[in-house]
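Inside the fold
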Amino acid sequence: MKRQVAENVWWVGKIDWELRKFHGSEYSTHRGSSYNSYLVREAKTVLIDTVWLPFAKEYVDNLDSEVGLANIDFIVQNHAEIDHSGALPELLRRRPGLPIYCTANGVKVIKGHYHQDWDFRVVKTGDSIDIGNGKKLVFIEAPMLHWPDSMFTYLAGGAVLFPNDAFGQHYASELLFNDLVDQAELKEECVKYYANILTPFSALVAKKIAEVVALNVPVDVIAPSHGIIWRKDPLQIVTQYAAWAADYQEDRVAILYDSMWDGTRKLAEAIAQGIAQSSPCTAVVVHNVAKTDKNDVITDVFRSKAILAGSPTVNKGILNAMAGIMEEIKGLHFKGKKAASFGCSGWSGEAPKLLGQLLGEAGFAVEGEGFSCTWEPDAAALDKARDFGRDFAGKL
Ligand code: FEO
């Protein structure tokens, strides 16, 4: 069902209530998601982005019955990842010859996925298309936000920004607009989305925000390609992105660990107690990374000013859940955060040193050699772990 977003602008996308994993199994979507496609109806009728492949037929059928495929003049494909371009084959099969406006990299991505020579019209930053009634579409390339082909489209005369993935959230809701949904849920999904997808591109985010602000154009609505649409104080999400892009951190410490026989878990909890004693206002979160959703763990790392990583030693190495999350953390290029390591062992005891190395390689300022404990921690060892937590908190 199409829904009105602004004057002559309609949402024609798909809400995916049952989605629980996105990007394969890389991103958990506890609250589902949506694939937002928009229709701008002026003298020209323009479709901005489509939906994910499994919903292609339903989407094109709806477009046909509600709009009429013959009435669409062209497509703007802001970004060609399959969740937004997946309906192109079905749409072009039923409406051959429909022009597709996208970046030069967009042509490569679409051809790479669908192997078709459709009618591509390459646009670059500053290009515009007059769509009649005093309105035009203006294009702003946004390479690596988050793919090389990404771009924003601005509806001049309508004050609507279509930034595709930027400013989105994986959040299914029939309420459609930011002022109608639960604000705590919305904030949670926004920060998770930024932390897990956009963190490595923070420098580009800051630069792109400065570029868009310098255009000095009115923005009444920000209509991303996932989740709700920003119509009440729409620039709040831009301001929030600028803060997140500036090496964001809260007065928060995340302790990540895995454990075989609970020794390393006990150390994690004792270290948390030590931090709390030394710095009572610091929020301390403790995650067994083998049991906690990894995207939620990453969100806590993003929000924290420091992290501690713990593992027992097994086969002279660390447990695989810790190895997995450390690989994820390394790829996200967090900046300006401190770290330390810890772990129990029976004999060789390499884990704290190895974790310290991994934290350093991931860009954290590593404090000390880490905390080691042989065999099961007794009361004295737990006291030392609390001291370690207190010392660590004192260095933050
Ligand atoms: Fe929502 Fe990068 O696709």
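Residues numbered from 1 in each chain as written. Predicted model: local features only at pLDDT ≥ 70, side-chain atom pairs only at ≥ 80, totals over all residues. Heavy atoms only, no water.

Let us now look at the packing of helix α5 (residues 183–198) against helix α9 (residues 294–303). Remark: α5 packs on α9, axes separated minimally by 9 Å, with the N-to-C direction vectors making an angle of 90 degrees. Regarding the angle of α5 to α9, the classification is roughly perpendicular. Across the interface between the two elements, Val191, Lys192, Tyr194, Ala195 and Asn196 of α5 pack against Asn295, Asp296, Ile298, Thr299, Phe302 and Arg303 of α9. Among the residues making up the contact of α5 with α9, the classes are represented as five nonpolar, three polar and three charged. (Axes fitted to C-alpha atoms, helices over the stretch in contact; angles between N-to-C directions. Helix = DSSP H or I, 4+ residues; strand = E, 2+ residues; numbered from the N terminus. Parallel < 35°, antiparallel > 145°, perpendicular 65-115°, else oblique. Contact = heavy atoms within 4.5 Å. Nonpolar A, V, L, I, M, F, W, Y, C, P; charged D, E, K, R; others polar.)

Our focus in this paragraph is the environment of Gln77. Residue placement: Gln77 occurs in the loop between β9 (74–76) and α2 (82–85). When near neighbours in sequence (up to four residues on either side) are disregarded, Gln77 contacts Asp49, Thr50, His84, Ser85, Leu88, Ile100, Tyr101, Cys102, Ile110 and Met151.

On to the packing of aromatic side chains, then. This model, assessed by the stated rule, comprises 17 aromatic pairs. Taken together through their ring pairs, the aromatic side chains of Phe152, Phe167, Tyr194, Tyr241, Trp244, Tyr248 and Phe302 make up a single cluster. Across from the ring centre of Trp10, 4.0 Å away, lies the NZ or CZ of Lys2, which sits over that ring. Note that Lys337 overlies the ring of Phe302, its terminal NZ or CZ placed 6.0 Å from the centroid. (Phe/Tyr/Trp six-rings, centres within 6.5 Å; stacked < 30°, edge-to-face > 60°. Lys NZ or Arg CZ within 6 Å of the ring centre and 35° of its normal.)

All right, on to the sheet that holds strand β14 (residues 151–156) then. Overall, mixed pairing links the five strands, which are arranged β12-β13-β14-β15-β16 in an open sheet. Here the strands that pair on one side only, and so sit at the sheet edges, are β12 (128–132) and β16 (221–224). Strand-to-strand twist in this sheet, taken as the mean axis angle between neighbours without regard to direction, amounts to 20 degrees. Where strand β15 (residues 160–164) lies against β16, three bridges are found, and the strand directions are parallel. (Pairing = 2+ DSSP bridges.)

According to the stated counting rule, one finds 29 salt bridges in the structure shown. The salt bridge partner of Arg94 is Glu90, with a shortest N-O separation of 3.1 Å. With Arg94 and Glu90 both in helix α3 (residues 88–94), this residue pair falls four residues apart, about one helical turn. Relative accessible area serves as the criterion here: at 26%, Arg94 is assigned to the partly exposed category. (Salt bridge = Lys/Arg side-chain N within 4 Å of Asp/Glu carboxyl O. Buried < 20%, exposed > 50% of the residue type's maximum accessible area, 1.4 Å probe, protein only.)

The next thing to look at is the nonpolar core. If you look at the biggest cluster of nonpolar residues, it comprises 89 residues, and the most contacted ones within it are Tyr241 and Ile329. Split by domain, the residues of this core number at least three in each of domain 1 (3–244) and domain 2 (253–394). For Tyr241, the contacting residues outside a window of four places in its chain are Ala166, Phe167, Gly168, Tyr193, Tyr194, Leu198, Val205 and Ile209. If you look at the next biggest cluster of nonpolar residues, it comprises 27 residues, including Trp11, Val46, Leu155 and Val221. (Core = buried A, V, L, I, M, F, W, Y, C linked by side-chain atoms within 4.5 Å. Domains from an automatic or database assignment.)

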